Amino acid sequence: MPSTPKRSCQLVSLMVVLGSAIAVLTAVATTNLSGCSAHFEQRNMPAALRRGYNTAFFDRHARPYRAQASIHIAHAVQHDYLLLTPLADHARVDAESDARYLSDFENPPRIGPEMMTFGPHTGQAAWRVYQAIDWTHEHHDQTYDILADAGIPWPEKARATRDSVEWYLERLRGTARSPAPLDVTMRRAGTMMKPYFTLFRNQYPRSSTFFFFAHWWHPVIYEAMMIAGNDLEQDEAVAVTHATSNQVLRDRPQRMLLSRELMPRYARMSPESANIFDNLHMLHGIVYDILAYEGWSIDDKRAELYRVVDAMSEKPGDRELVRRFPEPFPTMDPRCYEPWMRGMDGEMSRIMREMLEEMWPMMSPDGSREVPAAVAEQARLKLTPGQQPGEHPGSFHDALMRIVPNMKMAPESMRPGAGDAHMTKMMLEGWRSRTANMPSVPGISMAEDPKLAGPACGGSASIDGTSGDVAKGETR
Amino acid sequence: MKGRVQRRIQRAWILLAIAACASWPARSVFAVDHTNLEEGLPAEVTDAYPLEYLGREVQGRIQYRYTASAEHELWLEPRFEFGFPRNGQVSLKVPLFASFAGDDSEINLGRTSIELMYNFNQETLSIPALALAAGVEAPDTRDGGSFDPFGRAILTKMIPGSSLWHRVHLNALLQFNVAQDEEEGERELRYVLVVGYDVRLGTTVTGVIDAVRERPLLDEPPGNYGELGVRLQLTPLIALAFGGGAGASDEGRFIARATTAFQWFAF
């Protein structure tokens, strides 16, 4: 038997080793290394919800699953493109990245990636952004699986989706995307007058429109399953919808399409989940804008990124707002790439236009409440991908300063990591006022597995009845 | 008397492992884990990151070893990992091995171990990820031994300024021989030092390379070897690993190993 003193020595030496390691870590974490970015954060990644439906989308819709994997790789890669290449090289980088994304989409990988695997530099600089993205991509997987799993009876889909949403929101509070409509979270984020806003879409239009395509693809695949139900019609609807990708890639959307536009039935079944995806897709765009901006250090960028991640996460009362959005094309057919999906006019630009109207009285040099035509025109040009004739260079803020040089701005709100609480409050009040009489989006009956009819392209009925035919296969 | 107690303890470990298998739920989840290095899958080097919180994983490896004492050994090692607490993981390893020397062969239960690893931080551009682990190994059925505690420090750092996704790792393990038998030449301390590198080779494949120095508790010369391997994500649930390595003991005797392994984000 070893002597007691020897054991004590062993214990002491073990404690010394462990204590030293902790001391080193603490010292490194609390010391701002000269010239280095030395923030400290924990990984805090929860496991996904385990249910029998896991991997059903992978098993049933292999090609679309792989397409999604390629889209997520593109998202990851774009971060490092922006952080590791100068803005001056934007044309070359944009062409190179777009070509890569198209190639990957044509020859997709077998398995979806985590952001860190394909954008590792950015992940080291701002882990929490990847945490938010990966966690929400996992929610994509979960909710696709629920719809794809024929073992879940159609009337049970909504309940299973609710469980998945609950897991998503509860397991990563503060980082999970909010279930509130984008109208609310965009106003909270208050990015419109930041010095980076619109840089990505203006300087990297090909990559930007690839992601507009990606954000068309995701919702229409949900909606294809929603109009087809559990049976073999689902395989047909998903395949036909996915096959539209090439057409859409040739003539890409010029705006980020929202869930309410492209998956109205899914949004009625689970408005929380639909809003979560809008909030993720918008986060992608804002993150790219921030990373593209060269006026800030990496620490500044992280501060702003984390501010936006926070602002677009769930806040008290968000769950009461989940159905507070319009559905402009409630009977759209996801198998059809309609003209209204292509231009820059839509729900996204409406939200931006409204925010500008709400902000303007506080920014206007003469106190006028009406947004001048020149300002509205610059907003339209800046929200359009690429550089347009008549568009001023730089961000949206830069462009406005060119045409309204004495515009009133709160300097502190321009700083990285700082929001403008007053402006946000005014915008949210404006939104409440606008939507006071707007009916909430109704639920959808999931009592019966829907019957799939032939595609009804050109017939999506808008909410104001401006179009004719209603897509068949409506779930009632 | 002492041997009987040891055998009972070993049986208890085996029953515990079987119970853990049997009680696991039945289907799996989204996961991409080929980038999350695990000790011995296929190389000794591991990274500083645990499973996700409340994640569960079954792992298994089959390893051939040619030892410094000219024995051929075949190891079969099932493992179970559980992501608990947050930023930590608990792992249980129950190795079985068959050894062949000349005409003699025998099958034994190896050193069953349980280990708690805790990750302190996500790496940043300047700070590596640090994890510390502590565990205990039970006696095996060939050499006996005691319940020997060990501690492990793991550092992982991505090489910044690159989109390639490649990382360096440092691992240091220190184990105490609680019931050192000095007459048998047993050492008081065992250590394993590993420096490793892994790199993304494709969308679902990573390569790993490491150099290892290990001084065992038993009266055997320390070994020095290098390993090379690949890790492949086969489905969202299954990752495979293949690798091998070779080197020499301090006395210049040849040693080698070859490994095939899987990780299953099962149940």
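Analysis parameters
Residues numbered from 1 in each chain as written. Chains lettered and ligands numbered in written order. Predicted model: local features only at pLDDT ≥ 70, side-chain atom pairs only at ≥ 80, totals over all residues. Heavy atoms only, no water. Helix = DSSP H or I, 4+ residues; strand = E, 2+ residues; numbered from the N terminus. Contact = heavy atoms within 4.5 Å. Areas by Shrake-Rupley, 256 points an atom, 1.4 Å probe, with all protein chains shown as cover. Patch = residues over 30% accessible without salt bridge, like charges linked within 9 Å, V, L, I, M, F, W, Y side chains within 5 Å. Salt bridge = Lys/Arg side-chain N within 4 Å of Asp/Glu carboxyl O. Disulfide = S-S within 2.5 Å. Buried < 20%, exposed > 50% of the residue type's maximum accessible area, 1.4 Å probe, protein only. Domains from an automatic or database assignment. Buried area = accessible area lost by both parts, 1.4 Å probe. Nonpolar A, V, L, I, M, F, W, Y, C, P; charged D, E, K, R; others polar. Pairing = 2+ DSSP bridges. Phe/Tyr/Trp six-rings, centres within 6.5 Å; stacked < 30°, edge-to-face > 60°. Lys NZ or Arg CZ within 6 Å of the ring centre and 35° of its normal.

Participant: How do you make sense of the overall build of chain B when you look at a structure like this?
Facilitator: Along its length, chain B carries one helix and 14 strands. Long-range contacts, defined as pairs at least 24 residues apart, comprise 55% of the intrachain contacts of chain B with a sequence gap of at least 6. Summed over its atoms, the accessible surface of chain B is roughly 10700 Å², and 64% of this surface lies on carbon and sulfur atoms.

Participant: Whenever I open this one, a nonpolar patch on the surface confuses me. Can you help?
Facilitator: Residues and elements named next belong to chain B. Among the surface-exposed residues, I62, Y64, L74, L76, L96 and F100 lie close enough to one another that they form a single nonpolar patch of about 500 Å² accessible area. Only β1 (56-66), β2 (72-82) and β4 (96-101) provide two or more residues apiece to the nonpolar patch. You can see L74 is positioned in strand β2.

Participant: Just checking my understanding: could you explain the state of the cysteines for this structure?
Facilitator: A covalent bond between the sulfur atoms of two cysteines is referred to as a disulfide. Residues and elements named next belong to chain A. Summed over the entire model, instances satisfying the criterion amount to one disulfide over all chains. Paired by a disulfide, C336 and C457 hold their sulfur atoms 2.1 Å apart. Its torsion about the S-S bond being -80°, the disulfide of C336 and C457 is classed as left-handed. You can see C336 sitting in the loop between α17 (298-311) and α18 (347-363) and its partner C457 sitting in the segment after α21 (421-435), a full 121 residues away along the chain.

Participant: How should helix α9 (residues 182-189) of chain A be read in this particular structure?
Facilitator: One full turn of an α-helix is made of 3.6 residues, so residues set three or four places apart face in the same direction. All names here are of chain A. Counted residue by residue, α9 has eight buried out of eight residues, so it is predominantly covered. Of all the residues in α9, the buried ones are L182, D183, V184, T185, M186, R187, R188 and A189. Lining the buried residues of α9 we find α14 (259-262), α16 (271-292), α17, α18 and α21. G190 sits one or two positions beyond α9 and adopts a positive phi of about 55°.

Participant: Just to check I follow, could you spell out the domain arrangement of chain A for this structure?
Facilitator: A common measure of how large an interface is: the accessible area buried when the components associate. Residue and element names in this part refer to chain A. Segmentation of chain A into domains returns domain 1 (56-341) and domain 2 (347-434). Placing the centre of domain 1 and that of domain 2 at their C-alpha centroids yields a distance of 25 Å. The partner domain 2 presents 39 residues to the 37 residues of domain 1 that form the contact. In this assembly, domain 1 packs against domain 2 so that about 3100 Å² is buried in total across both faces, 67% of it on carbon and sulfur atoms. When residues of domain 1 are sorted by the area they lose upon contact with domain 2, R187, M192 and M193 head the list and together hold 32% of the total. Applying the counting criterion to the domain 1 and domain 2 interface returns four salt bridges. Of all the secondary structure elements, the ones that give two or more residues to the side of domain 1 that touches domain 2 are α9, α10 (199-203), α11 (205-228), α14 and α17. Among the elements that take part in the side of domain 1 that touches domain 2, α9 stands out by supplying six residues, more than any other. Tallied by class, residues from the side of domain 1 that touches domain 2 come to 19 nonpolar, six polar and twelve charged.

Participant: Would you mind showing me how to read the pairing of strand β10 (residues 189-200) of chain B here?
Facilitator: The side chains of a regular strand alternate between both faces of the sheet. Residue and element names in this part refer to chain B. Of the strand pairs in this sheet, strand β9 (residues 166-176) and β10 are connected by eleven bridges, and their pairing is antiparallel. Pairing of A172 across the sheet is with L193, part of β10. Connecting β10 to the next strand, strand β11 (residues 205-215), in antiparallel fashion are four residues.

Participant: How do you make sense of the packing of aromatic side chains when you look at a structure like this?
Facilitator: The geometry of two aromatic rings is summed up by the distance between their centres and the angle between their planes. Across all of its chains, the model carries 26 aromatic pairs over all chains by this definition. With a centroid separation of 6.4 Å and an interplanar angle of 80°, the aromatic rings of Y144(A) and W217(A) are classed as edge-to-face. You can see Y144(A) sitting in helix α7 (residues 127-148) and its partner W217(A) sitting in helix α11, a full 73 residues away along the chain. There is no split in this pair, since Y144(A) and W217(A) are both buried. One cation-aromatic arrangement involves R43(A) over Y49(B); the distance from NZ or CZ to the ring centre is 4.1 Å. Its end group placed over the ring of W167(A), R171(A) keeps NZ or CZ at 4.1 Å from the ring centre.

Participant: It is not clear to me how the pattern of salt bridges should be interpreted in this structure. Could you clarify?
Facilitator: Where side chains of opposite charge bring their charged atoms close, a pairing between them can arise. Residues and elements named next belong to chain A. Enumeration according to the criterion identifies 52 salt bridges over all chains in this entry. Salt-bridge contacts for R335 lead to D333; the nearest nitrogen and oxygen are separated by 2.8 Å. Comparing R335 with D333, the two get one shared label, buried.

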